[in-house]
Number of protein chains: 4
Amino acid sequence: MGKAHSNAWRQAPRFFDLPAEIRMATICGRDRAATSRAASKLGWESSTTDWRTVITDPGIDIVDICTPNDLHAEIAIAAARAGKAVLCEKPLARDGREAAQMVEAVRRARVVNMVCHNYRRVPAIALAKQMIEAGELGDRIYHFYARYAQDWIGNEKFPLVWRLQSRFAGSGALGDIGSHVIDLARYLVDEIDDVSAMSETFVKRRPLKTNKDIRARVDVDDAVTVIGRFRNGTLLNFEATRFAHGRKNQLSFEINGGRGSLIFDLEEMNRLRFFSATDPIGRQGFRDILVTEPTHPYVARWWPPGHVVG
Amino acid sequence: MGKAHSNAWRQAPRFFDLPAEIRMATICGRDRAATSRAASKLGWESSTTDWRTVITDPGIDIVDICTPNDLHAEIAIAAARAGKAVLCEKPLARDGREAAQMVEAVRRARVVNMVCHNYRRVPAIALAKQMIEAGELGDRIYHFYARYAQDWIGNEKFPLVWRLQSRFAGSGALGDIGSHVIDLARYLVDEIDDVSAMSETFVKRRPLKTNKDIRARVDVDDAVTVIGRFRNGTLLNFEATRFAHGRKNQLSFEINGGRGSLIFDLEEMNRLRFFSATDPIGRQGFRDILVTEPTHPYVARWWPPGHVVG
Amino acid sequence: MGKAHSNAWRQAPRFFDLPAEIRMATICGRDRAATSRAASKLGWESSTTDWRTVITDPGIDIVDICTPNDLHAEIAIAAARAGKAVLCEKPLARDGREAAQMVEAVRRARVVNMVCHNYRRVPAIALAKQMIEAGELGDRIYHFYARYAQDWIGNEKFPLVWRLQSRFAGSGALGDIGSHVIDLARYLVDEIDDVSAMSETFVKRRPLKTNKDIRARVDVDDAVTVIGRFRNGTLLNFEATRFAHGRKNQLSFEINGGRGSLIFDLEEMNRLRFFSATDPIGRQGFRDILVTEPTHPYVARWWPPGHVVG
Amino acid sequence: MGKAHSNAWRQAPRFFDLPAEIRMATICGRDRAATSRAASKLGWESSTTDWRTVITDPGIDIVDICTPNDLHAEIAIAAARAGKAVLCEKPLARDGREAAQMVEAVRRARVVNMVCHNYRRVPAIALAKQMIEAGELGDRIYHFYARYAQDWIGNEKFPLVWRLQSRFAGSGALGDIGSHVIDLARYLVDEIDDVSAMSETFVKRRPLKTNKDIRARVDVDDAVTVIGRFRNGTLLNFEATRFAHGRKNQLSFEINGGRGSLIFDLEEMNRLRFFSATDPIGRQGFRDILVTEPTHPYVARWWPPGHVVG
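Values in this document were obtained by computation on a predicted structure and should not be read as measured data.

1. Describing the interface of chain A and chain B
Phase 1 of the analysis: Between chain A and chain B, the residue contacts involve 46 residues of the former and 46 residues of the latter.
Phase 2 of the analysis: For the pairing of chain A and chain B, the buried interface totals around 3,600 Å² over both sides, and the portion due to carbon and sulfur atoms is 52%.
Phase 3 of the analysis: We note a salt bridge from Glu254(A) to Arg247(B), for which the minimum N-O separation is 2.7 Å.
Phase 4 of the analysis: Those elements that place two or more of their residues in the side of chain A that touches chain B are β6 (141-149), β7 (192-200), β10 (223-230), β11 (235-241), β12 (250-257) and β13 (260-265) of chain A.

2. Points about the interface of chain D and chain B
Phase 1 of the analysis: Contacts between chain D and chain B engage 18 residues on the former and 17 residues on the latter.
Phase 2 of the analysis: It is Gly282(D), Arg283(D) and Arg287(D) that lose the most area in chain D upon contact with chain B, and together they represent 45% of the buried surface on that side.
Phase 3 of the analysis: The tally of links from chain D across to chain B stands at four salt bridges.
Phase 4 of the analysis: Among the salt bridges present, the one from Arg287(B) reaches Asp279(D), with a minimum N-O distance of 3.5 Å.
Phase 5 of the analysis: At the junction of chain D and chain B, the tally comes to ten residue pairs in polar contact (both at pLDDT 80 or more).

3. As for the pairing of strand β13 (residues 260-265) of chain C
All names here are of chain C.
Phase 1 of the analysis: By the criterion of burial, β13 is predominantly enclosed, with six of the six residues buried.
Phase 2 of the analysis: Of the two faces of β13, the one holding Gly260, Leu262 and Phe264 and the one holding Ser261, Ile263 and Asp265 are both buried throughout.
Phase 3 of the analysis: Where strand β12 (residues 250-257) meets β13, five bridges bridge the pair, whose relative direction is antiparallel. When the sheet's bridge partners are listed, serine 252 is paired in β13 with aspartate 265.
Phase 4 of the analysis: As consecutive antiparallel partners, β12 and β13 are separated by two residues.
Phase 5 of the analysis: Across four bridges, β13 lies against strand β14 (residues 271-276) in antiparallel orientation. Counted as the bridge partner of leucine 262 is phenylalanine 274 from β14.

4. Points about the sheet that holds strand β3 (residues 62-65) of chain D
Residues and elements named next belong to chain D.
Phase 1 of the analysis: Spatially, three strands are ordered β3-β4-β5 in an open sheet, and the strand pairing comes out parallel. Strand pairing shows two members of the sheet lacking a second neighbour, β3 and β5 (113-115), which therefore form its edges. Adjacent strand axes in the sheet meet at a mean angle of 10 degrees, parallel and antiparallel pairs treated alike.

5. A short note on the state of the cysteines
Residue and element names in this part refer to chain B.
Phase 1 of the analysis: Going through the model one piece at a time under the given rule, you end up with zero disulfides over all chains.
Phase 2 of the analysis: Of all cysteine sulfurs, the one in cysteine 116 lies closest to cysteine 66, which takes part in no disulfide; the gap is 6.6 Å.
Phase 3 of the analysis: Given the relative accessible area of 25%, cysteine 66 is considered partly exposed.

6. Observations concerning the pairing of strand β4 (residues 85-88) of chain A
On any regular strand, side chains alternate: one points to one face of the sheet, the next to the other face.
Residue and element names in this part refer to chain A.
Phase 1 of the analysis: Burial of the side chains of β4 extends over both faces: Ala85 and Leu87 are buried on one face and Val86 and Cys88 on the other.
Phase 2 of the analysis: Pairing analysis gives four bridges linking strand β3 (residues 62-65) to β4, with the strands arranged parallel. Within β4, the residue paired with isoleucine 62 across the bridge is alanine 85.
Phase 3 of the analysis: In this region the chain leaves β3, passes through helix α4 (residues 72-81) and returns to the parallel neighbour β4; the handedness of that crossover is right-handed.
Phase 4 of the analysis: For β4 and strand β5 (residues 113-115), the ladder comprises three bridges, and the chain directions are parallel. Within β5, the residue paired with valine 86 across the bridge is asparagine 113.

7. Some words on helix α5 (residues 96-109) of chain D
Residue and element names in this part refer to chain D.
Phase 1 of the analysis: Between the first and last C-alpha of α5 there are 20 Å, a value that for 14 residues agrees with the 20 Å anticipated at 1.5 Å per step.
Phase 2 of the analysis: Taken residue by residue, α5 has Glu98, Ala99, Met102, Ala105 and Val106 as its buried positions. Relative to the axis of α5, the buried residues are bounded by an arc of 120 degrees and lie together on one face. Opposite the buried face of α5, by more than 90 degrees, sit the exposed residues Gly96, Arg97, Arg107 and Arg108.
Phase 3 of the analysis: Each element contacted by the buried residues of α5 is listed here: α4 (72-81), β4 (85-88) and β5.
Phase 4 of the analysis: The N-terminus of α5 is capped by aspartate 95, whose side-chain oxygen sits 3.2 Å from the backbone nitrogen of arginine 97.
Phase 5 of the analysis: Count one or two residues on from α5 and you reach arginine 110, which has phi positive near 50 degrees.

What counts and what doesn't
- Residues numbered from 1 in each chain as written.
- Chains lettered and ligands numbered in written order.
- Predicted model: local features only at pLDDT ≥ 70, side-chain atom pairs only at ≥ 80, totals over all residues.
- Heavy atoms only, no water.
- Contact = heavy atoms within 4.5 Å.
- Buried area = accessible area lost by both parts, 1.4 Å probe.
- Salt bridge = Lys/Arg side-chain N within 4 Å of Asp/Glu carboxyl O.
- Helix = DSSP H or I, 4+ residues; strand = E, 2+ residues; numbered from the N terminus.
- Polar contact = N/O pair within 3.5 Å; in protein donor to acceptor, adjacent residues only side chain to side chain.
- Buried < 20%, exposed > 50% of the residue type's maximum accessible area, 1.4 Å probe, protein only.
- Pairing = 2+ DSSP bridges.
- Axes fitted to C-alpha atoms, helices over the stretch in contact; angles between N-to-C directions.
- Disulfide = S-S within 2.5 Å.
- Right-handed = clockwise from strand over helix to strand, strands pointing away.
- Expected span 1.5 Å × (residues − 1).
- Arc of directions from axis to C-beta.

Don't take any of this as a statement about function, it's just geometry.
Printed below as a string of structure tokens:
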């Protein structure tokens, strides 16, 4: 994630006109040598292995937290108290209590703050938002139907990484990828009122990274499946899983409204499929919109039509 | 449905070697003239408007019930008692009690009986069954994830047809299309142990067919959304809806197992997509199997490869 | 082909209101026993091994020729002279001279006649025709770009069947499948003015069917690739091949006009993709029209929306 | 193009370990103020409006030419003579004579040189190359079938930009986009031996950019369509057009070999479809390979599986 965030900070001013100049001051990591190499490779002025030096550095305005989930709260709260703008990777925290403390901290400190639900800014999703707000799906949304599917731990020999341990990750598929779906649901549709959900840990013990002969318990969810209702009456159905062979990063959703439908899949991130019930009878069908036209959100700053964005 | 069943009876012996000769004896309908025309058009020897004449006809061995749901039980039970083989369209009954009575009747009468969950015989679905049984998805199935989506009552002006009235239909999307999903779930995976479900009636009142100015209550579900668990531990997620603009007959499912995944969509009924985790690394991907090869189920009796079946 | 034609004759009156009643009188084949079985299986009243008995039968009005290509001319000319309506499978003849004689014969005899370019009646293609005629692609067509690809002789061990021998087939991919493309080009666009073409026989010798140890020369084309110009200025590009692994029956075309484009592929025969340059900017994209709506050509006589036709 | 090249120079060392350090010295443009702004925006140390100052700058080792085509030869030859490495955008020149002079110049000067056929480095295309070289398509390639289609001048009101004028561009679709196809054909298959080709200018006069009321002649091709043969016997068919509504940047090809086929489309640049005739019978189908795995070419330096590259 550090690599991706570094790229974003480095590239943003090359494509967009920003109100401030970006200085990439300090990158923080656990291993001194590796962090130093990363600084040079990724474009940071300096590196450190102690995140507190970042918090106390008066020359730093923004703290961007990409650590494992168990450090989010401590760093975010300290950064907020130090008056820094706080950007934090998702899931915000390991549980609701931690998240509430973080929210409380940034509110008190009145600092700029953001959770990195970056997919809101995928041009096709931003276009979906515009279309829904413009009423292109109709006055009512009937269904928000989504699945975030990956397959990276489908193999039972995959080791017990931090993402599979509750004390580091808080939850499994729910927080890691399900949080993106929940964010998009709220962004695109409405607040969620009620849910009924099940989770499952398909592979209950996994080898340690340090010793493959020892297996320890997986105490997070491998998959979660959810139904519910939004405040506005829309039905919710979503599933998040890391056990769907062939799905690498399938953040997908379908939204059905009174006048039309939308389909999106992150594995084809430059496309949005749109069915309009107002098209002439006999000529209706899902339109495969290649979201690379200059009129599409953000795209004018990138490449010509058809040159996809990654 | 009568048209489709007639076609099946007429065509089966032309493509398959059947153990008996089919005689299309009597078609039954409500309107005398229309039923008589249908008999001639569809290939039946005679027609009637009284289903009891079929039940009592000693020359008839099989009764194929394609009526609205409220007549299923009465006809099926009478047919069973008369010693006829009973074929009944889905959903079997309006509720569980009725269904139990029907099952009891055919058991007592020891007659051949079948519910018309015809999609089991779609070549691509039969192939999916073979592959699962052969272990091509692995020892365990993790997910059965399905949606049956249509859009024919998305328009609020659509009238209150019998399928939208509980006393005739029993249920809405659940019985009409959801029953196919449930059948395929049981066919392809296992029995279902537990479910949690929600239903919704999005358009609560609709114009009468006979008088558009009068609106009456819709007392069946427009959509149902379900999560649950199969006996073998597989997670279940399925949704059935008639409010998904652009989806005409999208009976779709994805099955994720320990060694691979399958995807099917009835709107592309001659295709089965298969991801095998045993393919070489770097060459993996969902295979788009066009299920029209002579080795595929039933296909050898039809057309050459690539000539799709409807 | 006999099986497919029999099906068509048998089924047509069940779905369409025809101006005459169809009697399936006599089926003709080479093997007496097999032809007799076929008659019973496919619904013919009688069978024969001598096609001349069909020609001379006064009770027969229509002769439908599904033989290998080398018999087309002789039978068609005799049938025409006998005053029968003549239906002939494609390619009409082995070469232009033969075809001209056949045309001359039916003209002189003033009999109804037809070449079985059946794909004109695929609902999606008939819809394409309607759309082009209605100007939905604009006043001008720029490109007709097509490929008919199959893979059934990709294997070098595939034997020297009649379709690979010039004296029986006349030509290879050109006549067998390319003729469909040429027909659709003329149907959908205009007459073709000029062409430049190449053909290739990739596998030049193949084992005899009767003795696999003997290989004999393939004297027809395995593939043909063509560019040219239509009378109306449209550019033509098409290729026909039997050496495209993975393509089972891919009769595909793209048509680009001044206001839009169409894409079709017979392996997805119920779909037509349509891009309209008159859709609003930012909402444009190929529409995936599922050609199963009652308003689409022929479809009202078949199944409900989404139930595909084969 | 300057923006894209600047991005490449800026980003390459962040993702790959390069043997030299990149200094982005001078950007050259026609308008002083705009070029100066571009320098700052895109990350160049300085800017100039005279390309000769770049050529004579002893601190510059590499000259990267992104000008309109009419300046390629003059700059490239001067740069070569000055001992610079020469990178030149495609098409290399306006015609063969110019290109030959450029090749002669870099050969004499013995300088590093390259034409920017960048698509060779798209991971999916590099994977295609690996697969072909490893024999995964078989010993023989039968077909290279390609189309590069865009639609940006489909509108007749589109003005007479430099790309539509022979003295600046040399050719139209042929050089601008067809050159990419030719490059990939040579890269993936073999040298081309013979061709037969047609070109067309659909819209023969267009408004001037400076005065819309005046229309001047378009003297380059709007489309070119080509058949031919490679040295190794493969059949060639390709078309390049800017008149295909709905196609934004569709550089697509299909390659059919003795053991399998490949399909690629730049509008889905992270995918390669692969049909292997060695897959088990009944399980064959085009595999939709998402080319984002660490084992795929270049990808290990980018993002995790499923996070597509633009």
